[in-house]
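This is what each chain is made of:
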Amino acid sequence: MECRLATLNDIDEILKLHSRYQVDTINEEDKKDGFITTAFTKEQLTSLIKDEKGLFIAKKDGNIVAYVMAASWAYWSAWPMFVHMIKDLSNVKFQGVTLSVDNSYQYGPVCVDKSVRGTDVLKLIFDFARKEMNKRYPILVTFINKINPRSYEAHTRKLGLEVVKEFQFNNNNYYELCYDTSKAVN
Ligand SMILES: CC(C)(COP(=O)(O)OP(=O)(O)OC[C@H]1O[C@@H](n2cnc3c(N)ncnc32)[C@H](O)[C@@H]1OP(=O)(O)O)[C@@H](O)C(=O)NCCC(=O)NCCS
């Protein structure tokens, strides 16, 4: 298993993995293990790689089996959900620190192919991305839809993210979570 930053050559394979678990294209029977709401274009992933250095992949036997996206709030501000979160950052504290667009970034979506779920892949790619983003930001911020218990369990109980608030957006209920990027995952 190899974790690394994605390059432009990886985009097609990442989009294939993404489409297997994105809400518009996922198989019905896979939905219970979580799905990704946001759709991405090639251009958006190109910018994520070139401008943000925020697309991380795990490869096994030559295939991309997982990705993590992470980027500045400026990058995410193209999506209304993130505009909502940005406006609220100053109302949220993590370990005594008020969140801002300068001290935090948004982690996710994250996707692990079902062939390697329940293994150490999520932990390895999460920690790789965490270490890279720690060069720029002390605090990771993310959200999890309450209808995704698998992601909630993986990120809270197994990786140690902490819920900092709950909120609603577009008739969905979410947890907002944070993580100290200087901390290696146990
Ligand atoms: C969410 C995701 C990244 C988690 O990675 P993973 O490798 O599946 O996570 P793990 O299996 O290590 O951990 C999940 C835990 O939740 C448990 N779990 C699974 N389904 C559950 C459910 N419905 N309710 C409660 N817990 C559940 C698992 O048993 C496991 O715990 P265990 O290791 O103690 O048995 C992965 O499942 C995935 O990519 N899903 C599709 C895309 C997605 O939902 N992404 C997140 C939103 S952007």
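This text follows the structure it describes.
As the structure is a prediction and not an experimental result, all values here were calculated from the model.

Visitor: Teacher, can you tell me more about the site of the ligand here?
Guide: Around the ligand sit 19 residues in total, of which Val110, Val112, Asn148, Arg150 and Lys158 are the nearest. With respect to the ligand, the backbone of Asp33 contributes an N or O atom lying 3.2 Å from a nitrogen atom. Protein chains shield 74% of the accessible area of the ligand, which is 950 Å² for the free molecule. Because more than half of its atoms lie within 2 Å of the grid, the ligand is assigned to the largest pocket. It is helix H6 (residues 149–158) that provides the largest number of residues to the shell around the ligand, a total of seven residues. Across the shell around the ligand, the residue classes tally to nine nonpolar, four polar and six charged.

Visitor: Help me out: how do you make sense of the pattern of salt bridges in this one?
Guide: Two side chains carrying opposite charge are able to pair once their charged atoms lie near each other. Across all of its chains, the model carries 13 salt bridges by this definition. In this structure, Asp30 and Lys114 form a salt bridge, with 2.9 Å as the shortest nitrogen-oxygen distance. Residue Asp30 is found in the loop between helix H1 (11–21) and helix H2 (42–50), and its partner Lys114 is found in the loop between strand E6 (104–112) and helix H5 (121–134); the two are separated by 84 residues along the sequence. The class for Asp30 is buried, based on a relative accessible area of 7%. Judged by its relative accessible area of 46%, Lys114 falls in the partly exposed class. The residue Glu132 makes a salt bridge to Lys135 at a minimum N-O spacing of 3.1 Å. Several salt bridges converge on common partners, so that one network encompasses Glu2, Arg4 and Asp10.

Visitor: Hey, could you run me through empty space enclosed by the protein in this one?
Guide: Rolled over the atoms, a probe with the dimensions of a water molecule shows which regions are left empty. Evaluated as defined, the whole model comprises one cavity of 30 Å³ or more. Empty space within the largest cavity amounts to approximately 30 Å³. Contributing to the lining of the largest cavity are Phe94, Gln95, Gly160, Glu162, Cys178, Tyr179, Asp180 and Lys183. Taken together, the residues that form the lining of the largest cavity break down as three nonpolar, two polar and three charged.

Visitor: Is there a simple way to explain the pairing of strand E3 (residues 63–71) in this structure?
Guide: Walk down a regular strand and you will see the side chains alternate between the two sheet faces. With eight of nine residues buried, E3 is to be regarded as a mostly interior element. Direction of pairing for strand E2 (residues 55–60) relative to E3: antiparallel, over a ladder of six bridges. In the sheet register, Ala58 faces E3, and the bridge partner there is Ala66. The antiparallel hairpin formed by E2 and E3 contains two residues in its connecting segment, where Asp61 sits at a positive phi of about 50°.

Visitor: Quick question: what am I supposed to make of the sheet that holds strand E8 (residues 162–169) here?
Guide: Strand pairing in a sheet takes place through backbone hydrogen bonds and is either antiparallel or parallel in direction. Read across the sheet, seven strands follow the order E1-E2-E3-E6-E7-E9-E8 without closing on themselves; strand pairing throughout is mixed. Two strands bound the open sheet, and with one partner strand each, they are strand E1 (2–5) and E8. Taken pair by pair, the neighbouring strands of this sheet meet at an average axis angle of 25°, ignoring direction. Strand direction decides the pairing type here: strand E7 (residues 139–145) and strand E9 (residues 172–180), joined by seven bridges, are antiparallel. Paired with Ile139 across the bridge in E9 is Asp180.

Visitor: Can you help me understand the nonpolar core in this one?
Guide: Note that soluble globular proteins tend to have their nonpolar side chains buried in a common cluster. Membership of the largest hydrophobic core comes to 35 residues, with the highest contact counts inside it found for Ile14, Leu45, Leu55, Tyr67, Met69, Trp76 and Leu99. Each residue touching Trp76, except ones within four places of it in the same chain, is listed here: Phe40, Met69, Ala70, Ala71, Phe82, Gln106, Gly108 and Pro109. The next biggest cluster of nonpolar side chains, apart from the first, holds 27 residues, and it includes Val65, Tyr105, Val121 and Tyr179.

Procedures and definitions
- Residues numbered from 1 in each chain as written.
- Predicted model: local features only at pLDDT ≥ 70, side-chain atom pairs only at ≥ 80, totals over all residues.
- Heavy atoms only, no water.
- Near = heavy atom within 4 Å.
- Polar contact = N/O pair within 3.5 Å; in protein donor to acceptor, adjacent residues only side chain to side chain.
- Areas by Shrake-Rupley, 256 points an atom, 1.4 Å probe, with all protein chains shown as cover.
- 1 Å grid on protein atoms, 1.4 Å probe; cavity = no way out; pocket = protein on both sides within 12 Å on 5 of 7 lines; lining within 4 Å.
- Sits in = over half its atoms within 2 Å of the grid points.
- Helix = DSSP H or I, 4+ residues; strand = E, 2+ residues; numbered from the N terminus.
- Nonpolar A, V, L, I, M, F, W, Y, C, P; charged D, E, K, R; others polar.
- Salt bridge = Lys/Arg side-chain N within 4 Å of Asp/Glu carboxyl O.
- Buried < 20%, exposed > 50% of the residue type's maximum accessible area, 1.4 Å probe, protein only.
- Points joined across faces, edges and corners; volume = space filled by probe spheres on them.
- Pairing = 2+ DSSP bridges.
- Axes fitted to C-alpha atoms, helices over the stretch in contact; angles between N-to-C directions.
- Core = buried A, V, L, I, M, F, W, Y, C linked by side-chain atoms within 4.5 Å.
- Contact = heavy atoms within 4.5 Å.

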